[in-house]
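Spelled out from the first residue to the last, the chains are:
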Amino acid sequence: MAEDSGDLFGGAAQLGLDLGDSAPAPSYEPDRDEVRRELQEVLAEARSAQEECPWDERTFKYHKVVFPQMANWLPEDERDQLRFEFAQEVERIELLLAA
């Protein structure tokens, strides 16, 4: 008879099936200094807009969605302040676009 491994599902892990016995995937936590730097760069670009939006329409929409989400990685008070400042700039830029 063929080799008797005693494990009816011996290949389950090799097939990518998680039966609860594998180690959990490591969580991802970005570098807060890098997040802070990126948010400050986007905010500075927004502040620099005088007569037109500093980004194309797609990039502007992207920043409106992603900026608040990225801010979640920062401490609450800093997160809220950056979101507030960015929201003010978005409102100002939208007024520029409407003119």
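You'll find the structure just up there.
Residues numbered from 1 in each chain as written. Predicted model: local features only at pLDDT ≥ 70, side-chain atom pairs only at ≥ 80, totals over all residues. Heavy atoms only, no water.

### Here's the deal with the packing of helix H1 (residues 32–48) against helix H2 (residues 57–71)
Link 1 in the chain: Where H1 contacts H2, the two axes come as close as 10 Å, and the packing angle between them is 145°. At the point where H1 passes H2, the crossing takes the left-handed sense. In this structure, H1 uses Val35, Glu38, Leu39, Val42 and Leu43 to contact H2, whose residues at the interface are His63, Phe67, Met70 and Ala71.
Link 2 in the chain: Across the contact of H1 with H2, the residue classes tally to seven nonpolar, one polar and one charged. (Axes fitted to C-alpha atoms, helices over the stretch in contact; angles between N-to-C directions. Helix = DSSP H or I, 4+ residues; strand = E, 2+ residues; numbered from the N terminus. Left-handed = near helix turned anticlockwise from the far one by under 90°. Contact = heavy atoms within 4.5 Å. Nonpolar A, V, L, I, M, F, W, Y, C, P; charged D, E, K, R; others polar.)

### Here's the deal with the nonpolar core
Link 1 in the chain: With 16 residues, the main nonpolar core has Leu39, Trp55, Phe60, Phe67, Leu82, Phe86 and Ile93 as its most contacted residues.
Link 2 in the chain: The greatest single-element share of this core, amounting to five residues, is contributed by H1.
Link 3 in the chain: Residues within four places of isoleucine 93 in sequence aside, it is in contact with Ala46, Ala49, Cys53, Pro54, Trp55 and Phe60. (Core = buried A, V, L, I, M, F, W, Y, C linked by side-chain atoms within 4.5 Å. Buried < 20%, exposed > 50% of the residue type's maximum accessible area, 1.4 Å probe, protein only.)

### A look at the pattern of salt bridges
Link 1 in the chain: Scanning the entire structure with this criterion turns up 10 salt bridges.
Link 2 in the chain: Between glutamate 78 and arginine 36 there is a salt bridge, with the nearest N and O atoms lying 2.5 Å from each other. Taken together, the positions of glutamate 78 in helix H3 (residues 76–98) and arginine 36 in helix H1 put the pair 42 residues apart, joining distant regions of the chain.
Link 3 in the chain: When its relative accessible area of 21% is taken as the criterion, glutamate 78 is described as partly exposed.
Link 4 in the chain: With a relative accessible area of 23%, arginine 36 lands in the partly exposed category.
Link 5 in the chain: When salt bridges with common partners are traced through the structure, they connect Asp33, Arg36 and Glu78 into a single cluster. (Salt bridge = Lys/Arg side-chain N within 4 Å of Asp/Glu carboxyl O.)

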